[in-house]
Amino acid sequence: MQEDYKVGERIREIRKNLNMNREKFSEMIDISSVFLGQIERGERSLSIKTLSKIVKFTGASTDYILFGNNNTNTIIDKINRILNQCSEEGLNLIYEFTCSINTFLKTNNRNL
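Residues numbered from 1 in each chain as written. Predicted model: local features only at pLDDT ≥ 70, side-chain atom pairs only at ≥ 80, totals over all residues. Heavy atoms only, no water.

K.L.:
Please provide a residue-by-residue account of the layout of surface pockets, values included.
P.N.:
The volume enclosed by the largest pocket comes to roughly 270 Å³. Around the largest pocket sit 13 residues that line it, and Ile14, Asn17, Asn70, Asp77 and Arg81 are the ones nearest its centre. Broken down by secondary-structure element, the contributors of at least two residues to the lining of the largest pocket are α1 (2-17) and α6 (74-84). The greatest single-element share of the lining of the largest pocket, amounting to four residues, is contributed by α6. When the residues that make up the lining of the largest pocket are grouped by side-chain class, the tally is four nonpolar, five polar and four charged. (1 Å grid on protein atoms, 1.4 Å probe; cavity = no way out; pocket = protein on both sides within 12 Å on 5 of 7 lines; lining within 4 Å. Points joined across faces, edges and corners; volume = space filled by probe spheres on them. Helix = DSSP H or I, 4+ residues; strand = E, 2+ residues; numbered from the N terminus. Nonpolar A, V, L, I, M, F, W, Y, C, P; charged D, E, K, R; others polar.)

K.L.:
Please provide a residue-by-residue account of the pattern of salt bridges, values included.
P.N.:
Any two side chains of opposite charge can pair, given that their charged atoms come close. For the structure shown, the criterion picks out six salt bridges. In this structure, aspartate 30 engages lysine 53 in a salt bridge whose closest nitrogen and oxygen atoms are separated by 3.7 Å. Here aspartate 30 is found in the loop between α2 (22-28) and α3 (33-40), whereas its partner lysine 53 is found in helix α4 (residues 48-58), with 23 residues between them in sequence. Judged by relative accessible area, which is 59%, aspartate 30 ranks as exposed. In this structure lysine 53 comes out as partly exposed when scored by relative accessible area, which is 24%. Notably, a salt bridge pairs glutamate 43 with arginine 41, separated by 3.0 Å at the nearest N-O pair. On the basis of relative accessible area, glutamate 43 is assigned to the exposed category, the value being 52%. What makes arginine 41 partly exposed here is its relative accessible area of 37%. Here the salt bridges share partners, and the residues they tie into one network are Arg12, Arg15, Arg22 and Glu40. (Salt bridge = Lys/Arg side-chain N within 4 Å of Asp/Glu carboxyl O. Buried < 20%, exposed > 50% of the residue type's maximum accessible area, 1.4 Å probe, protein only.)

Remember that the coordinates give geometry; whether it matters functionally is a separate question.
Written as structure tokens, this is what we have:
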């Protein structure tokens, strides 16, 4: 089906933008590399469960993956990809660091 092919192309593009091979990417989203290859070639449809795993891991929007609509801020996507891979402890450290930077900027009347 043409829609499956386009979805697969977008997933392949996301994977390549992350500089990941098929094996590593499939491992990160807990599917087989064979199944990922079939999705990327449009031979198999994407389940909601697999779509959810891809979105959670990559930070890409479902709107982009399914329909090609890319209305998101790429910096936010990059940050989301990093955050999605962090442990709870790592997220807490990042939060504390962000609060400290925000306080510093406010104290020094800097609007970045």
